[in-house]
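Each chain, letter by letter, is given below.
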Amino acid sequence: RNGTGLSRPFTSWYGDEDDAQLAYEWLEISRVLYAKQEGKEAKLREAETLSLLGELKMEAEQLGPAREDYMAAVEIQQKYLDSNDRQIATNYYQV
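A. Representation of helix H3 (residues 40-59) within the structure. Its 20 residues place the ends of H3 29 Å apart at the C-alpha level, agreeing with the 28 Å of an ideal helix rising 1.5 Å per residue. All of the buried residues in H3 are Ala42, Lys43, Leu44, Glu46, Ala47, Thr49, Leu50, Ser51, Leu53, Gly54, Leu56 and Lys57. Looking at the residues trailing H3, positive phi occurs at Glu61, about 65 degrees.

B. Expanded view of the packing of H3 against helix H4 (residues 63-80). At a minimum axis distance of 8 Å, the contact between H3 and H4 shows a crossing angle of 160 degrees. Judged by the angle between their axes, H3 and H4 are roughly antiparallel. Both H3 and H4 take part in a crossing whose hand is left-handed. For the pair H3 and H4, the contacting residues are Lys40, Lys43, Leu44, Glu46, Ala47, Leu50, Ser51, Leu53, Gly54, Glu55, Lys57 and Met58 in the first and Leu63, Pro65, Ala66, Asp69, Tyr70, Ala72, Ala73, Ile76, Gln77 and Tyr80 in the second. Among the residues making up the contact of H3 with H4, the classes are represented as 13 nonpolar, three polar and six charged.

C. Up close: the confidence of the model for the protein. For the protein, mean pLDDT is 84; residues scoring 70 or higher make up 82% of the total. The weakest mean pLDDT in the protein belongs to helix H1 (residues 8-14) at 48; the strongest belongs to H4 at 95. Under a pLDDT of 50 for its full length, residues 1-9 has, in the predicted model, 13 contacts with residues more than four places off or in other chains.

D. View of the pattern of salt bridges. This structure, assessed with the given rule, holds four salt bridges. With its nearest N and O atoms 3.6 Å apart, the salt bridge here joins Glu41 to Arg45. With Glu41 and Arg45 both in helix H3 and four residues apart, the pair spans about one turn of that helix. Owing to a relative accessible area of 56%, Glu41 belongs among the exposed residues under this scheme. The partner of Lys43 in a salt bridge is Glu46, with the nearest N and O atoms 3.7 Å apart. Of this pair, Lys43 and Glu46 both sit in helix H3, separated by three residues, roughly a single helical turn. Residue classification places Lys43 among the buried positions, given a relative accessible area of 14%. On the accessibility criterion, Glu46 (10% relative accessible area) is buried.

Analysis parameters
Residues numbered from 1 in each chain as written. Predicted model: local features only at pLDDT ≥ 70, side-chain atom pairs only at ≥ 80, totals over all residues. Heavy atoms only, no water. Helix = DSSP H or I, 4+ residues; strand = E, 2+ residues; numbered from the N terminus. Expected span 1.5 Å × (residues − 1). Buried < 20%, exposed > 50% of the residue type's maximum accessible area, 1.4 Å probe, protein only. Axes fitted to C-alpha atoms, helices over the stretch in contact; angles between N-to-C directions. Parallel < 35°, antiparallel > 145°, perpendicular 65-115°, else oblique. Left-handed = near helix turned anticlockwise from the far one by under 90°. Contact = heavy atoms within 4.5 Å. Nonpolar A, V, L, I, M, F, W, Y, C, P; charged D, E, K, R; others polar. pLDDT = per-residue confidence, 0-100. Salt bridge = Lys/Arg side-chain N within 4 Å of Asp/Glu carboxyl O.

Following this line, the structure appears as structure tokens:
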């Protein structure tokens, strides 16, 4: 594992550790910033960021952490979107 808790398969998947590390760090910063904000738009952006983090982790074969991110995104989306919304369905599909 490196400093962010990502294991080697994450960085080796992309072939360039610096790019993978930067992508993860920027998404994590975004998630934290959106989580601290109030309002529908901020929370939906937090959910979108969680979904992108889940996607990165799926590609790195970190299935457990990816599932947690997708489910956290769904939980937020269910509060603000119609139950039949495509975004919710997409995240459920990814799980």
